[in-house]
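Results of the structural survey
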Amino acid sequence: MFITLSFPPLQVIRVFTVNSLNIALLNQAGLPANLTNYYTELVYEQDSNFNPLILPVLFWCDVPGPAFAQLTEAESITVLHNVTTICSDLDPQVTSALASNLGDNIDATGIAALGNQSNGLSTGQIMTINPQEIHNSLSTFSAVTGWNQGQARAIFLLLMSSGLQINSASSLIMLGSIFSGVPSTTLGNFNGSHLISALTNVAFLQHVVSAPTFLRQQLVTQIIKVNGNTEMILENVPDDLATEIPLFRLIGLTSSNTVITRVNRKKWKRQQSVFFFNVIATETSANVLGSADNLSSSVLQGFTCTGVRSISKGQIKKLIRASRRRGSNKVNLVETQLTCMYNHIRQEADVTDFNVFPPDMLLYYDYSQVPQSSCRPYFQECADADFSIFSPALSFKRAALFDNARSCLGITNTSLTKDNIAVLGNMCCTLDGSYIENSDPSILERVQNCPDLDAAQVTAVEALLQSGRTQHGAPSTWDVETLKALNMLPLYLTSSFYDNFDKRTKRRFLRFFLRVNRRKLSRRMKRRIKRQIGKSFRLRSRRSVENECTTGNITQVTISDDAFPIDYDAVQFDRCLSSTIVRDSLAALTEKVDDESFQRIILDKLKEAYAGSSTIPESQVILLSAVSRVATIDDINMWNITQIDTLSSLMITDDGEWDPNLAEAIITKYLSTEGNTLSSAVLNAIAGRNLCSLDSDVLKNITEQSLRDAAVLDLSNCTLEKKQVLFIIAEKAFTPNTRSTAVSADTYQLIQPFTGGATSEYVQRLAISDINMDMATFTALDPNVIQNLDVDNVRGLLGTNLPDLKSYENETVVRNWISIQLQSNLDRLGINLTGGRATTGTTGSPATTNPGATTQPATTNNPAATNNPATTNNPATTNNPAATNNPAATNNPATTNNPATTNNPAATNNPATTNNPAATNNPATTNNPATTNNPAATNNPATTNNPAATNNPAATNNPAATNNPAATNNPAATNNPVATNNPAATNNPAATNNPAATNNPAATNNPAATNNPAATNNPGVTNNPAATTQPGATIQPGATTNAGSSSTTGSGGVRIRGDGFCFLVLLVALLTSQHILA
């Protein structure tokens, strides 16, 4: 016989949980933790203000923090003695509530009771403690972890006022976790030898490692001052702090066994590893460690084509294979390193041994090298790759990979099977929403580890979850464990998804998620999940009391909740937050609040707290963190910014990007303080986008030494002018005193971040220096400098990276460069580049009838041509007035030596001209404006042969072309013996004698001519006599090839005009020539 038991509803059970008799029954040891936890939850759901002292001591660990706020100071001390002993993971709210109960007169007894929970004290409370009490309690405070910047700095300042002397290694070690509050100016006064000794203490070293970056950098600077020898720096700087050693200090690294061993065990940034890779990664050096496989991942991340240029081919392959690592030991490589690796093995016999190479490198394979029979193993190996690694320039490869995978795996629709998903692996992160929604539910296991998801993908994920087809079941069965099982997916889910959970579940999950992933989450990530869960709460302030705080006053206890401020909307946040709390708990607030509207409220409350003053104290400004990003110029004007620590704190990149104008205002405010300069510490603080916000005149004040001692700077968003300013300083700072024209690898790697401002002369030097420049650096060069490079220059610059030029051929700067190169020269590169200029010209059909002329990439990509529709649609449009008004035509860097000469691509297309060095450099050959001002003409030799082109008044208005006295008035221009040795260029009389070319009305009826509206509608094009009186204009080589003109044909296929007017022009030219010769 079975007995069916039925239990009353949960709300009925809760009533009995607060009964003292029932509680007494639980006052015994050995109760399961899940029982005590659940019972305590029911108690406080029934009565949120239930006195925790009524519960058994064991239950106190699960009591909500706010419940302890009702206790007295004495009761709080009693509770502290218990919970700090029996609770393994105390809720921060409990600590904060008990600390708040101690009031503002905390003595040694209170500090001792708090013990390791002393970080529950607010900054305001700490500032009220007697300095001597702080001094006496240093051993307690120094062992506490989790101090925020406000707390740590307050304690250190009180210690200094108590008379504490830090004059030995032991006194430094005594600081413990308080080290993070030491001002860098004070640290600069510490004895470097004492620091070196103190850092041998493992516990102290860990506190230093967790300190702010600017403090770690200052500490390493102090160590370097003790002994600047490279090998001594390696010995003195702890392994975990090696990331702060400036690149310049690593010059001269030897390959001794001791150095190799030390370098291999230290932690490095990629730029540092790149710098010394050529020393550490050789076969001889690797053998000191056993083999390339024993090189650390930190060292292997330095692989570049520059670094391996002198390393044997066999060793390079070993290094590539050694870089195949997974998990936390993965070798993190960027795109240019991966393409470099592939370039080194692409011709190897084992290139299809996919399982021995880094998965990320496989993404850059030429898929034609993958045998169809091996395509599945190829994609299986790609499954572990990071598909977010593609740069915008090569993002097309990501789409191509999936197209090839579909073909390989026979995928014909958006419904992927479990097997498909297993093979694709991380490629699932690149799929659009239709695939995610319609595929096997196992796809969730892949997308939950994606680094990011777009809106369509998120919608698809939510639809798949809501369908109930996944392992998580129907939404009605979901609980907090469901959310935990989703791994990182909750970061991307929207409020509509969170509507499936009650408030209690969402709050519990958010606390768990933020605590567990504290070190993984960026500000942006935390802001997103808080915002979406907050929306799902659907908070609304009642209109009748909208000016009142109804959610609960915000206190130190409230702020310490991991989920704060999830219960507040902007209105309630403003009503419930006092200026006093902002003043006393600013660091805690700014650490938790990520919503921009809330951040604005904090700034307003801070100003309110200091309403009696015109400035905000620097001790508060340094704590603003991400809140500073919503400031206005008026806010910044109130901030006191005189210390490097304050500037550094404001510029932390993880807190978000600055508006350039605001960044400039902050840096300028700092520099306005007497004695403050753009030192290496300042450069480290403002490096990157914020550095580029400064004016060029300010950047000129950076010294060479400051640049040497600074970390690697990111100048990617600087204007060309600013890059050029910084390059000048960098070249002086990093170029050794040598007469060598070539640039050493060390010098190049030091100056590489500044090459965006490099001069043409310097880049030419790099081209002969065997530096193997990567494409990211190449495309970041000054576009004008790139246009001045010839094919051999580019081959010399890129070296091993040359094949990548093909992948970048659609990048504007590369496309423009290709368009001005002879196709025959491009062919010599052997990488199938197309779009160059034709090698030879023809005298056949006119340019206007050449359909290819309008689609040729070299034509439309010429900066001078792309801005003039008339130019790009009709190569013969040297007759279009608009052609001469194109600034790009006159600003072409090629015009800097002789505008008329170097801007004429057509001149270089004429074999007779380009093969005569004297002709191409002689100003005499450059005085034909019709020839020199039409960049589009460079792609069709026939274009430059239209005599009508010489009669366009607009063409003669280009100062660079015809108004230059040297160009039109120099009689020697037509008679330079050197120039006239080229028959095609200067001595063909038929060129000026074709009457039909200038005055024959039939010229305008030529179908080839009328296709260009600009050419046929401008009367001045064919009938302007003034245009034909310019000697330089009438001696136009090949001007008679316009088939649209009525003419006769002279020898060599030259067409001769039949009117007397042109003959008169020729006569004048000849007489002038004879006069000059006489």
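Reading the values: rules and limits
Residues numbered from 1 in each chain as written. Predicted model: local features only at pLDDT ≥ 70, side-chain atom pairs only at ≥ 80, totals over all residues. Heavy atoms only, no water. Helix = DSSP H or I, 4+ residues; strand = E, 2+ residues; numbered from the N terminus. Contact = heavy atoms within 4.5 Å. Areas by Shrake-Rupley, 256 points an atom, 1.4 Å probe, with all protein chains shown as cover. Buried < 20%, exposed > 50% of the residue type's maximum accessible area, 1.4 Å probe, protein only. Polar contact = N/O pair within 3.5 Å; in protein donor to acceptor, adjacent residues only side chain to side chain. Axes fitted to C-alpha atoms, helices over the stretch in contact; angles between N-to-C directions. Nonpolar A, V, L, I, M, F, W, Y, C, P; charged D, E, K, R; others polar. Core = buried A, V, L, I, M, F, W, Y, C linked by side-chain atoms within 4.5 Å. Disulfide = S-S within 2.5 Å. Arc of directions from axis to C-beta. Salt bridge = Lys/Arg side-chain N within 4 Å of Asp/Glu carboxyl O. Phe/Tyr/Trp six-rings, centres within 6.5 Å; stacked < 30°, edge-to-face > 60°. Parallel < 35°, antiparallel > 145°, perpendicular 65-115°, else oblique. Expected span 1.5 Å × (residues − 1). Patch = residues over 30% accessible without salt bridge, like charges linked within 9 Å, V, L, I, M, F, W, Y side chains within 5 Å. pLDDT = per-residue confidence, 0-100.

All right, on to the overall build of the protein then. When its secondary structure is counted, the protein shows 75 helices and two strands. Within the protein, counting contacts between residues at least 6 apart in sequence, those at least 24 apart form 68% of the total. When the accessible surface of the protein is split by element, carbon and sulfur atoms take 50% of a total near 45,400 Å².

Okay, the side chain of Asp635 next. Within the secondary structure layout, Asp635 lies in helix α40 (residues 633–638). Residue classification places Asp635 among the buried positions, given a relative accessible area of 2%. A distance of 2.9 Å separates a polar atom in the side chain of Asp635 from the backbone nitrogen of Thr632.

Think of two packed helices as two axes; the pair is described by the angle between the axes and how far apart they sit. Running from amino to carboxyl end, helix α48 (residues 760–767) crosses helix α51 (residues 791–798) at an angle of 65°, the nearest separation of the two axes being 7 Å. Touching Val763, Gln764, Leu766 and Ala767 of α48 are Asn793, Gly796 and Leu797, all from α51. Here the contact of α48 with α51 is composed, by residue class, of four nonpolar, three polar and no charged.

Of all hydrophobic cores here, the largest spans 272 residues; its most connected members are Tyr365, Phe573, Trp639, Phe778, Leu805 and Trp817. The dominant element in this core, judged by the number of residues it contributes, is helix α46 (residues 720–734), at seven residues.

Further remarks concern unusual backbone geometry. In this model, Phe564 is joined to Pro565 through a cis peptide bond whose omega is 5°. A positive phi angle, close to 60°, is found at Asn487, a residue other than glycine. Counting through the fold element by element, Asn487 comes out in the loop between α30 (480–485) and α31 (495–498). For Asn487, a relative accessible area of 32% puts it in the partly exposed group. Positive phi values are uncommon outside glycine, yet Asn772 reaches one of about 50°. On the secondary structure map, Asn772 appears in the loop between α48 and α49 (775–779).

What follows covers the state of the cysteines. Counted by the stated rule, this structure contains six disulfides. Put simply, Cys375 and Cys408 are joined by a disulfide, and their sulfur atoms are 2.0 Å apart. Classification of the bridge connecting Cys375 and Cys408 rests on its S-S torsion, roughly 85°, and on that basis the disulfide is right-handed. With Cys375 in helix α24 (residues 375–382) and Cys408 in helix α25 (residues 396–409), this residue pair connects regions lying 33 residues apart in the sequence. In this structure Cys428 is not part of a disulfide, and its nearest cysteine sulfur, from Cys429, lies 7.1 Å away.

On to the environment of Thr213. Examined against the element boundaries, Thr213 turns out to sit in helix α15 (residues 213–226). Thr213 gets classed as partly exposed once you look at its relative accessible area, which sits at 39%. For the pair Thr213 and Ser649, spaced 436 residues apart in the sequence, the C-alpha separation amounts to 9.3 Å.

The next point concerns helix α14 (residues 202–209). Turning to α14, its buried residues are Phe204, Leu205, His207 and Val208. For α14, the buried positions fall inside an angular range of 160° around the axis, keeping them on one side. By the N-cap criterion, in which a side-chain oxygen at the helix start approaches the backbone nitrogen of a residue two or three places on, α14 is capped by Asn201, the distance to Ala203 being 3.1 Å.

Applying the stated rule across the entire model yields 42 salt bridges. With a closest N to O distance of 3.4 Å, Lys317 and Asp350 form a salt bridge. Note that Lys317 is positioned in helix α21 (residues 313–322) and Asp350 in the loop between α22 (335–345) and α23 (359–362), a separation of 33 residues in sequence. An identical accessibility class is assigned to Lys317 and Asp350; each is buried. The residue Lys530 makes a salt bridge to Asp594 at a minimum N-O spacing of 3.8 Å. Taken together, the residues span a long stretch of sequence, with Lys530 in helix α33 (residues 523–537) and Asp594 in the loop between α37 (586–592) and α38 (596–609) at a distance of 64 residues.

Using the criterion set out here, one finds 26 aromatic pairs in the structure. Measuring from centroid to centroid gives 6.1 Å for Tyr39 and Phe59, while their planes differ by 90°, and the two rings are edge-to-face. With a gap of 20 residues between them, Tyr39 in helix α3 (residues 33–46) and Phe59 in the loop between α3 and α4 (73–86) connect regions that are remote in the sequence. Across the pair, Phe59 and Tyr39 agree in class, each one buried. Taking the centre distance of 5.7 Å and the plane angle of 80° together, the rings of Phe141 and Trp147 count as edge-to-face. The exposure classification of Phe141 matches that of Trp147, with both residues buried. Aromatic ring contacts, followed pair by pair, group Tyr342, Phe354, Tyr365, Tyr367, Tyr378 and Phe379 into a single cluster.

As a further point, take the packing of helix α32 (residues 503–516) against α33. At a minimum axis distance of 11 Å, the contact between α32 and α33 shows a crossing angle of 170°. When the interaxial angle is binned, α32 and α33 end up roughly antiparallel. Of α33, the residues touching α32 (which contributes Lys503, Lys506, Arg507, Phe509, Leu510, Phe513 and Leu514) are Lys526, Ile529, Lys530, Ile533, Ser536 and Phe537. Looking at the contact of α32 with α33 residue by residue, the classes come out as seven nonpolar, one polar and five charged.

Spanning 14 residues, α38 covers 20 Å between terminal C-alpha atoms, matching the ideal 20 Å at 1.5 Å per step. Phe598, Gln599, Ile601, Ile602, Leu603, Lys605 and Leu606 are the residues of α38 that are buried. In this structure, the buried side of α38 is in contact with α35 (570–576), α36 (579–584), α37 and α40.

Quick look at the side chain of Thr17 now. Along the chain, the position of Thr17 falls in helix α1 (residues 10–17). Looking at Thr17, the relative accessible area reads 3%, which means it is buried. Each residue touching Thr17, except ones within four places of it in the same chain, is listed here: Ile23, Tyr39, Leu42, Val43 and Gln46.

With that settled, consider a nonpolar patch on the surface. On the surface, Val12, Val15 and Phe16 cluster together into a nonpolar patch covering about 260 Å² of accessible area. Its place among the elements puts Phe16 in helix α1.

Per-residue confidence for the protein averages 81 on the pLDDT scale, and 76% of its residues sit at or above 70. In this model residues 539–544 is a low-confidence stretch, pLDDT under 50, and it forms ten contacts with partners more than four residues away in sequence or in other chains. Note that residues 842–1078 has pLDDT below 50 and, in this model, 380 contacts with residues that lie over four places away or in other chains.

It is worth spelling out the environment of Thr78 at this point. When you line up the elements, Thr78 lands in helix α4. Separated by 20 residues in sequence, Thr78 and Leu98 have C-alpha atoms that sit 10.0 Å apart.

The next subject is the environment of Phe573. When you line up the elements, Phe573 lands in helix α35. Residue Phe573 is classed as buried on the basis of its relative accessible area of 0%. The sequence separation of Phe573 and Thr551 amounts to 22 residues, and the corresponding C-alpha distance is 8.6 Å. If sequence neighbours within four positions are ignored, Phe573 has contacts with Ile554, Phe564, Pro565, Tyr568, Leu589, Val593, Phe598, Ile601 and Ile602.

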